[in-house]
Each structure stands twice: as structure tokens, then as C-alpha cells.
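Residue-level structural notes
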Amino acid sequence: MSSSISSPTLQVCRACSGGAPVDAHFCPQCSKILALGRHGDYFTFLGLPRKLKLDAEDLEQRFRRLSRQFHPDYFYNATPAERRASLERSSYLNDAYRTLRQSIARIEYLLQIEGLAPKNPQEASRQVPPALLEEVFALNEELDEIRDLRASGASAEVWKGRLEGARQPIEAKRVEHESQLQELSARWDALVDAGAGESDRRAALEALRDRFLERNYINNLLAGIERELNS
Amino acid sequence: MAYSNKVIDHYENPRNVGSLPKDDVNVGTGLVGAPECGDVMKLQVKVNPATGVIDDAKFKTFGCGSAIASSSLATEWLKGKTVDEAMAIKNTDIVNELSLPPVKIHCSVLAEDAIKAAIADYKKKQGVERSAEKAAQPTA
Ligand code: FES
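1. A short note on the pairing of strand 3 (residues 54-62) of chain B
Residues and elements named next belong to chain B.
- Looking at chain direction, strand 2 (residues 39-47) and strand 3 are connected through eight bridges and run antiparallel. Looking at strand 3, one finds that Leu 43 is bridged to Phe 59.
- If you look at the hairpin formed by strand 2 and strand 3, you'll find six residues sitting between the two strands, and Gly 52 has a positive phi there, around 75°.

What follows is the structure, given as C-alpha cells:
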């Protein structure tokens, strides 16, 4: 699984044919910008370890430094290949920054590069625990009933009370979900630091993935309740 | 995003919304969800034990218009089919009938999954029922 084992650690500079480390942005020999060919991932691109806890300020500094270095203005008079490389690196950098900046997108990205993202919707839907679906379905039905109640002219006190009752368990679930994500993220980072083996790493990632299956359900339900309260 | 007329029709006049008695041995229930959007779909079939033909189907979907339309269409198609014919319904049939765009294919997948889950539940109940009858016989 670990891509660092199988992927090459060197790339060839197209300008001087010298060898450069795969994650270098500029050729160490001729100092020309390197074409964005085979390379690692958003983490390595930014020179970061593959960890989930990330210092936002450090990330931003890295982003700014690289974005200056790649800036197309500096390549105005360069060869077409270099101009292209500067554009490609700039745009990849933007994607990397946008993704890694947000903790949720960061986890999703990690799951994806570690090969844990579901391959297709069928696979994803089969992973959702039935108990969660039951719960979500029941809460949705309750919301429907509350809407009917409102439509039939029930007092605000009555329907709001019921809505609040529906919100509490799901809100509690959200809080628990967030803390589980944090805990599992910390576990993953500790495993990376410890250079843990494949099976431990995999178990941590699978636990993270399982948590992600419930995330949209929780958010949708809470959004539905919010909408009802504010309409 | 533009929905086709057929999607809009099913969305505005969904067929067969509701539920069937979950504990009835001739009723199969499928409850499925799509984690990427957080939608849930429940689809139920009622099978005539004498003929093996589905004579009623109901659904309830909390989700996007395409998911509602897909499940509504599925219930229409299911009525009058045998259990085996029902198992042959493919999500691509739904995509074609409703002209779903690529980004909405997973909604039709949900409907196919719901059909399969409902039939599997029905079969399981029948299996359990039959072995319960067998088990009951010797003591009678
Ligand atoms: S968007 Fe989720 S089922 Fe259609």
C-alpha cells in the first residue's frame, strides 16, 4: 500500500537531464522548474508528513513561499515547457492548499490516497450500518410529522418542543462524531510517528472511514431541523 | 440542474408512497442509504405467496428528486412482476427511463439496491418461516 515503496524516488529534469528527487520543484542541478510529472501527493508536495494534525500558519507559509516561486510572472520569458510547468505547479499547489487547509477535506484526501475511499456508490452504500439507517429514517419521519403538525396549525410551543426533542439525540451524535474524528486522527498521527506497520495503520484508517459514512446523515438532519426552526 | 419531465412527474406525483406492515411474512423491506449525500430510501414489496408475484409495492425516500423519482418508478415496475423478474431490474433501466444525468446515477443505484434488499428480506422471512413450520410439525 505505502506508495513510497513502489514509486520512483527520482525524476529526470527535462532541461538538463539530471536527476532530481521526486518531490523537488526545481532541478537541483540546473535550478530550472521541473515539469509536474510523477510526484507524490499534496502532503509531500508541500513538504509535509502524511499527518492529520497540521499547523495552519505553517501550511499557509509553505503555500505562500511556493506560490511565489511558481508564479507565472517569473516565467514570462522562459521556455514553453517551463511556463507550462509553472502553471501546472501553481494550480496543483492551489488544490493542495485548499484541500489540506480544511480538516475534513484533509481526512477525506488521506483516505483517498491510502486507497480507502469507496470505489463506487454501491460499495459505499453497503458499508452504512443498518442501525444508522433506521435511526436516520425514523428521525426523517419525525421531521415530516412535525411539519404536518405545523401545517395543521399547532402552536409554536408544541412543534418547537418536538423539534427540540428530535434535535437532541442527533446533536449528541454530532458531538460524539466530531470527537471520534479527532481521536482517530490523533491515533493515525501517532502511528505515523511510530512508523507503525501496515495492519495498524489500516485499522486506524478504516475506523476513520466508517465515521465518515455517518457524517452527511448527521449534517443533513441537523440542517433540516435548522431550516424548520428558521422558516 | 435540469430534471427530465419524467423525473419531475414522479417527483410531483410520486406513486405508491407509504409503507406496508413490516412484520408481515409476505412483505420484504429494503432500507438503504447513500453516504455521499446522506439520503435514505425505504422500499417494500408484498408478494402473493400463492403465485410468487409482487402485488403491492411502496416506498418512502428522504432524498433528492432523482432518488424519489427512481424509487417511485421502481415501485411501479415491481407490481405484477415475479420475485425473479424484480431481481433483474437494473439501475441502468431506471437511468434510461428517467434520462438521469451522470451525476445522478448513484440515485438510481440506490433504487436498485433497495429492490434487492427488499427481495432479500422477503426471501429471508420466507426461509425462516418455512423452517419454522418444519420445526413445528413434529411436535404437532
Ligand atoms: S443525491 Fe443522493 S440519492 Fe440523489
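2. What about the packing of helix 4 (residues 80-101) of chain A against helix 5 (residues 103-113) of chain A?
All names here are of chain A.
- With their axes 5 Å apart at the nearest point, helix 4 and helix 5 run at an angle of 110° to one another. Taken together, the axis directions place helix 4 and helix 5 in an arrangement best described as roughly perpendicular. Taken together, the residues of helix 5 that come into contact with helix 4 (itself represented by Tyr 92, Thr 99, Leu 100 and Arg 101) are Ser 103, Ala 105, Arg 106 and Tyr 109.

3. Notes on the side chain of Lys42(B)
- Mapped onto the elements of the fold, Lys42(B) is located in strand 2.
- No salt bridge is formed by the buried Lys42(B); the nearest opposite charge belongs to Glu141(A), separated by 4.7 Å.
- Look past the residues within four positions of Lys42(B) in its chain and what remains in contact with it is Phe137(A), Ser19(B), Thr29(B), Gly30(B), Leu31(B), Lys58(B), Phe59(B) and Lys60(B).

4. Examining the domain arrangement of chain A
Residues and elements named next belong to chain A.
- When cut into domains, chain A gives domain 1 (10-113) and domain 2 (124-230).
- The distance between the C-alpha centroids of domain 1 and domain 2 comes to 36 Å.
- Counting from both sides, the interface comprises nine residues of domain 1 and, opposite them, eleven residues of domain 2.
- Contact between domain 1 and domain 2 buries roughly 930 Å² in total, counting both sides, with carbon and sulfur atoms accounting for 73%.
- Per-residue buried area on domain 1 facing domain 2 is highest for Lys 51, Ile 104 and Leu 111; these three make up 48% of the total on that side.

5. Describing the nonpolar core
Residue and element names in this part refer to chain A.
- Within the largest apolar cluster, 35 residues are counted, with the highest numbers of intra-cluster contacts made by Leu 46, Leu 59, Leu 93, Leu 100, Ile 107, Leu 111 and Leu 208.
- Of all elements in the fold, only helix 2 (42-45), helix 3 (56-70), helix 4, helix 5, helix 8 (156-194) and helix 9 (198-229) reach the threshold of two or more residues within this core.
- It is helix 4 that contributes the most residues to this core, six residues altogether.
- Inspection of this core shows a minimum of three residues originating in each of domain 1 (10-113) and domain 2 (124-230).

6. Considerations on unusual backbone geometry
- Although it is not a glycine, Ser31(A) adopts a positive phi angle of roughly 60°.
- Tracing the backbone shows Ser31(A) in the loop between strand 2 (19-21) and helix 2.
- One non-glycine residue with positive phi stands out, namely Asn16(B), at about 60°.
- Of note, Asn16(B) is situated in the loop between helix 1 (5-12) and strand 1 (27-34).

What counts, and where the lines are drawn
Residues numbered from 1 in each chain as written. Chains lettered and ligands numbered in written order. Predicted model: local features only at pLDDT ≥ 70, side-chain atom pairs only at ≥ 80, totals over all residues. Heavy atoms only, no water. Pairing = 2+ DSSP bridges. Helix = DSSP H or I, 4+ residues; strand = E, 2+ residues; numbered from the N terminus. Axes fitted to C-alpha atoms, helices over the stretch in contact; angles between N-to-C directions. Parallel < 35°, antiparallel > 145°, perpendicular 65-115°, else oblique. Contact = heavy atoms within 4.5 Å. Buried < 20%, exposed > 50% of the residue type's maximum accessible area, 1.4 Å probe, protein only. Lys, Arg positive; Asp, Glu negative; His and termini not counted. Salt bridge = Lys/Arg side-chain N within 4 Å of Asp/Glu carboxyl O. Domains from an automatic or database assignment. Buried area = accessible area lost by both parts, 1.4 Å probe. Core = buried A, V, L, I, M, F, W, Y, C linked by side-chain atoms within 4.5 Å.

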